[in-house]
Amino acid sequence: MTGWHTLADQASGPLTAAQWKLVSAPLQGKIWLEGVAGGGKTSVGAARVLHLLGRGVPAESILIFVPQRSLAQPYITALRGWTAHRGGQVSVQTIGSLSLQMVETFWFLVAGDAGFKHPQDLPNFLSLELAQYFMTRAIEPLVDQRDYFNSVRVDRPRLYSQIVDNMNKAAIVGFPISEIGARLKSALASGVEQAHIFDDAQTCAVAFRKYCLAHNLLDFSLQLEVFRDYVWAAGLARAYLRGRFKHLIVDGAEEDNPASHFFVNELLQSCESALIIYDRDAGFRRFLGADPDSARSLRDNCDLEATLDETFVMEEAVAALGAGLGAQLGLPVKAERDADPAPALITEAHRYHPAMVDWVARQVDILVHERDVSPNDIVIVAPFMSDALRFGLADGLAQRGIPLRSHRPSRALRDEPAARTLLTLARLAHPHWNMPPTNFDIVFALMAAIKDLDLVRAKLLTEMLYQDCRLLPFAKVRSTAMQERVTFDLGERYDRLAAWIDRYIDGDRVDAIDIFFRRLYDALLARAGFGFHDDVDAGNTAQNLVDSARGFRWSLDFMSRYDEQIDLSQDYVKMVDRGVIANFYLRDWIADAEEGLLIAPAYTFLLNNRAVDYQFWLNIGSDGWSRRLFQPLTHPYVLSRGWPPGALWTEEDERNLSRETLGRLLLALTRRCRKAIYLGYSELSESGFEQRGLLLEAIQSLLRRYARDGQNV
Amino acid sequence: MSLSPDFAFTQGSLQNFADCARRFELRFIRRMRYPALETQDPLQFEKRMRQGARFHKLVQQHLLGVPAEALAASLADDRELAGWWQNYLTRGLSGLPAQRFSEITLQTHLSGRRLVAKYDLLALEPGGSAVIVDWKTGSRLPPQSTLRRRMQTIVYRYVLAQAGAHLYAGESIAPERIRMDYVYVALGAERLSFAYSAAQMGEDEALLSKMITAIDNADEFPLTDDERRCRFCSYRSLCDRGGAGRLEDIELDEYEDEEEEEAFLLDFDQIAEIEF
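This text gives an overview of the structure that appears in the document. No experiment lies behind these values; they were computed from the predicted model shown.

### Section: the overall build of chain A
- Broken down by element type, chain A carries 28 helices and 16 strands.
- A globule of 713 residues ought to have a C-alpha radius of gyration of about 27 Å, and chain A, at 28 Å, matches this closely.
- Principal-axis analysis of the C-alpha atoms places the extent of chain A at approximately 80 × 65 × 65 Å.
- Looking at chain A as a whole, 59% of its 713 residues qualify as buried.
- Relative to all contacts within chain A whose residues are 6 or more apart in sequence, the contacts with residues 24 or more apart total 78%.
- Of the roughly 28,100 Å² of accessible surface on chain A, a fraction of 50% belongs to carbon and sulfur atoms.
- For chain A, the distance from the average site of its 77 positive side-chain charges to the average site of its 90 negative ones is 2 Å.

### Let's talk about the interface of chain A and chain B
- Listed as interface residues are 67 residues of chain A and, on the opposing side, 54 residues of chain B.
- For the pairing of chain A and chain B, the buried interface totals around 5,900 Å² over both sides, and the portion due to carbon and sulfur atoms is 55%.
- Broken down residue by residue, the surface that chain A buries against chain B is led by R80, Q89 and R518 of chain A, which jointly contribute 13%.
- Of the charged contacts in the structure, one is a salt bridge between R527 of chain A and D240 of chain B, with a shortest N-O distance of 3.9 Å.
- At the boundary of chain A with chain B, the tally comes to 19 residue pairs in polar contact (both at pLDDT 80 or more).

### Observations concerning the pattern of salt bridges
- If you walk through the whole model with that rule in mind, you get 54 salt bridges over all chains.
- Bridged by salt links that share partners, the residues E34, R280, R296, R299 and D309 of chain A form one connected network.

### Points about the side chain of T541 of chain A
- Within the element layout of this structure, T541 of chain A appears in helix α23 (residues 536-559).
- Among residues more than four places away in sequence, those in contact with T541 of chain A are L413, E416, A418 and A419 of chain A.

### Topic: the sheet that holds strand β8 (residues 304-308) of chain A
Residue and element names in this part refer to chain A.
- Strands sit in the order β3-β2-β6-β7-β1-β8 across an open sheet of six strands; the sheet is parallel. Because the sheet does not close on itself, it has two edges, and the strands there are β3 (91-93) and β8. Strand-to-strand twist across the sheet, computed as the mean angle between neighbouring axes with direction ignored, equals 15°.
- Strand direction decides the pairing type here: strand β6 (residues 247-250) and strand β7 (residues 273-279), joined by four bridges, are parallel. Residue L248 lies in a different strand from β7, and its bridge partner there is A274.

Analysis parameters
Residues numbered from 1 in each chain as written. Chains lettered and ligands numbered in written order. Predicted model: local features only at pLDDT ≥ 70, side-chain atom pairs only at ≥ 80, totals over all residues. Heavy atoms only, no water. Helix = DSSP H or I, 4+ residues; strand = E, 2+ residues; numbered from the N terminus. Rg over C-alpha atoms; globule rule 2.2 N^0.38 Å. Buried < 20%, exposed > 50% of the residue type's maximum accessible area, 1.4 Å probe, protein only. Contact = heavy atoms within 4.5 Å. Areas by Shrake-Rupley, 256 points an atom, 1.4 Å probe, with all protein chains shown as cover. Lys, Arg positive; Asp, Glu negative; His and termini not counted. Charge placed at Lys NZ, Arg CZ, Asp CG, Glu CD. Buried area = accessible area lost by both parts, 1.4 Å probe. Salt bridge = Lys/Arg side-chain N within 4 Å of Asp/Glu carboxyl O. Polar contact = N/O pair within 3.5 Å; in protein donor to acceptor, adjacent residues only side chain to side chain. Pairing = 2+ DSSP bridges. Axes fitted to C-alpha atoms, helices over the stretch in contact; angles between N-to-C directions.

So, in structure tokens, the structure goes:
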């Protein structure tokens, strides 16, 4: 075995002859590799990177390009695992990270031409939360004044996020934002009211863009446009990137968008080698602009086409189930005629939702404790993971001693106990905001802030001592019996907290909100006897809140140059309350445990791109499995590159889309399952409604056919 | 808990261990984030750190081909930074070899672990000298003996000798060809230079190997006895080691390197999502 064989084995385990052939292909040449999930394409990619390094290719000249972070994990793991490497570092990028770096680097050469009003000032890149915040600032007066969107029953942050979404779609597809309204109207407007809504969305998009140009703000759409239309076009970045990246690995091309494909295509003109990996049945991120058809165009610039269609994952019955469901829903897949899918399915019908959740926990218990299945090899998925469902599962599994991890990309910081506590104490310490915390908030904050303070005592303290928006001293509890009930030890710690806040209120200094959080954390909450002491989760959450607040402050400090004065701290807390700011935090993904059973929305699991032995599909009667999110201001297909101008989006289109989306999802799930799928079904949903969704219908039809026809389908 | 198997040692993590084993444990083994204040004047501290980061970015932009005058136009509102920039332009690059790599990362391995160095600038002439340049924006020139003992001086030279061949026409770089320059742009771009030698490299390797092995085998990570090292440590309250130190007492350059390194390692972990 040669050295690089060993390296590649380290990356991904033993590979087949077909995989080796691709891994060891000549260092010049561009390969298009497509196939089904579980065929070993990413293993080829990871092994190829190590092969390139092993053959002396400088690491700096290798670019791994992925649509989102989770898809790069096998590469990062492989590179980190190869401790013997001496040399430079391979780059791992997405279109977002790369365009940001390039725009930042070449900003002063392009900002004037790109239409920014202050080209001599630094750019201010906006995270999603900041984009929504500035969207609110830029257009809310307009929305209020002209009564925009008055017929749409969706809250403002969600409306604004759809306007941001429209602008992003325009940027990744490559049409001007001024065409958004016309495109939506021509395909979707069924009446005057609907047409007005799209006109409003158009006006708001243009207003937000003007605001950004006037204040040196770059949301993702503007960042991408500046990168493509100015930085890349100007030549400097092109020369730099083409000069640097001579070897390209693109994984998950079908999940990426046309702007990424444009960039990859440009690099293909100059690189020495490339491996473009394409999953034939995926494209799950369409709602984020993924365009598998656009990805396919990259094939034309490759020298060699290869296919890996033999799956190494599924047992026969699981394969039959996936193919059967796919065919049932109209996908062009061949149903497995010789295999019966029934052995791959385990199910039990329940009348009520909690009984279904309990059944799931019991089945997991049997797998783990009686059949020695590792929790890492089990995943529980549902179309959406509500807090109640997560809690029910987590509780049932914890009682049975089963470790779990949970992925949900949009956990609001204000829902984390440590963040809630800091926000409540901030309101208390800033009475001039006129945002007094409720009694409930104070009870919760005292419990979290003072170690060993239980709910009963926290309520007592709040009822007796929280008056006129201040925490009175413990000595104000008149009855000694009541003091003894609370205990003097807890009372002393309560006093330290109340005194700290009083000193802050009465002092001369008003801290920036992130500094306030840090000072309170440092001086009190993280000290012995208080709730955050030696608590890793509280520290991480507090740091996330500090980072979010600081990012907010930095963005708005910058705005003060342009004569917009704002009370930053108060505005921050307001925006967190409204769910605009700190509504999700990506770092939580990093901090998430790496071991244990995974509970996640189905698409989140798919984008982790790993296979497991057993899957649990919950709420199979829910139409959330096939239905698009309700987004009245945007549309992923109508605003895609392939949508014919002037065509109408019909109800039939919607039905076909539902079937196709569900078919692809089920095919993808089964291709990431080795042994069996447990179906969690209850007649009544979590909210008590009858459930008869498309997934349930498809499974029933498939099983009826097998029952009727035996194996001769 | 033990150190993750794929942990990469850097000068920053090793310096943390040298300063306080407990801090190393909290930061890199328990991965405990602890948002306490580093100094009594956090906004001034933050301003200085941002100025330092901005200066590093300016140099990178310049070395990637953005004209100096385009960059200088953006400095009108910060005279201090403009002064650093002028010093850099006047003397920062003088006498350096022509082949230059800015913001480049190299890695080697030692005692079964990865050892990573992120350089501000490498200026090389294949067959000739190999200069490591590290920009410092602090306004105090430390004693040469202090810098010589810093893990940055030890790690950067060692990693270049071990892992820089591909930048040096494929030839390994003899330690005697290597020099490390700390350039103090706030002090007229004054340089403190450290030559290298095979003997020094042998000593450095023994020291680094000993530290890495000690960390890997450690059962306990004791808190430092030297309480002066706690003044600017964010875990101070956890260890009950007093309040935040004064800004004028802090060696800002040390923090600047560490912040930059952490940002880089974080970037590698956190490839930006398409956020919409």
